[in-house]
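Each chain, letter by letter, is given below.
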Amino acid sequence: MSNILSVFNPPPSRDLSDAELGKACLPCTAIQSFVAMAGGAYLNSPNQFKDKAGKIDFVKHPLWWQRSVRGAGIVLFGFGAYRAGEVIQILLEDRFE
Amino acid sequence: MSADHTRDPCPIVILNDFGGAFAMGAIGGCVWHGIKGFRNSPYGERSYGALSAIKARAPVVGGNFGVWGGLFSTFDCAVKAVRKREDPWNAVIAGFFVGGALAIRGGWKHTRNSAITCACLLGVFEGVGMMMQRLQAQPTMAPQYPEEPVQLAA
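Worth saying up front: this structure is predicted, and the values here are computed from it rather than measured.

What counts and what doesn't
Residues numbered from 1 in each chain as written. Chains lettered and ligands numbered in written order. Predicted model: local features only at pLDDT ≥ 70, side-chain atom pairs only at ≥ 80, totals over all residues. Heavy atoms only, no water. Domains from an automatic or database assignment. Contact = heavy atoms within 4.5 Å. Buried area = accessible area lost by both parts, 1.4 Å probe. Salt bridge = Lys/Arg side-chain N within 4 Å of Asp/Glu carboxyl O. Core = buried A, V, L, I, M, F, W, Y, C linked by side-chain atoms within 4.5 Å. Buried < 20%, exposed > 50% of the residue type's maximum accessible area, 1.4 Å probe, protein only. Helix = DSSP H or I, 4+ residues; strand = E, 2+ residues; numbered from the N terminus.

**Focus: the domain arrangement of chain B**
Residue and element names in this part refer to chain B.
- Under the domain assignment, chain B is made up of domain 1 (9-84) and domain 2 (87-135).
- The centre of domain 1, based on its C-alpha atoms, is set 19 Å off from the matching centre of domain 2.
- Residue-level contacts link nine residues of domain 1 with 13 residues of domain 2.
- Both faces combined, the contact of domain 1 with domain 2 buries some 940 Å², and carbon together with sulfur accounts for 78% of it.
- Contact with domain 2 buries surface across domain 1, with Trp68, Phe75 and Arg83 losing the most and accounting together for 49% of the total.
- In this assembly, domain 1 and domain 2 are joined by one salt bridge.
- Here aspartate 87 and arginine 83 are joined by a salt bridge, their closest N and O atoms 2.7 Å apart.

Okay, structure coming up:
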């Protein structure tokens, strides 16, 4: 069942097991790393505040908002880089075991 | 409780949800824009108008649905991984993030309003889903038969 279908037909509440959380799961960690780095890069780019003429509307996007979004982007990118390090760690552990 | 092995693990379920949402949007877009194109075309050109409206607009609707579904599933997986729990709050929190992420280019007010609206909408969907489940799980009442008459001693 998909995550969208589980909105309409919610499963009973429960704590997730370690197996489901995917500890030391290479594809999960690699995808997490990629998505976090791509999302961080997107949030860091200034293009998302510009309109079609290439100008930034400071009423719509005040400085504090731009800085918050970019800060979130930096945090997300850093998280992605951390997860990329974990991917390398899992690969090395698999290689030398 | 044991793990549910009928469900795909998180990285795969995102792709599954993206595809499902895209297909749903594309089919719905075909119906919607087909009718719209048919009605807005002159007599004699109606089927052609419907077809060109479908070709132009249905993939866009599918793409919008797909982006929503993929982002929702991504955030749902992320929230599950952080909270280490599966309950209705996951969908509400994921909906909050999806609404905010999709509206981020519209400014901070648009982002805030969209995030809150999306979270409330998903909360309502979850509530209705739970209510329907509870209604369906009601025990059926056994039919009541009249008591048998007590047999009198001869």
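**Focus: the nonpolar core**
- Formed by Ile4(A), Val7(A), Ala21(B), Phe72(B), Ala91(B), Ala94(B), Val98(B), Cys118(B) and Leu122(B), the largest nonpolar core amounts to nine residues.
- For this core, the secondary structure elements donating two or more residues are α3 (88-102) and α4 (108-136) of chain B.
- Considering every element that reaches this core, the biggest residue donor is α3(B), with three residues.
- Sequence-distant contacts of Ile4(A), that is, excluding residues within four places in its chain, are made with Asp17(B), Ala21(B), Gly69(B) and Phe72(B).
- Leu43(A), Trp65(A), Val69(A) and Ile104(B) belong to the second-largest nonpolar core, a separate cluster that totals five residues.

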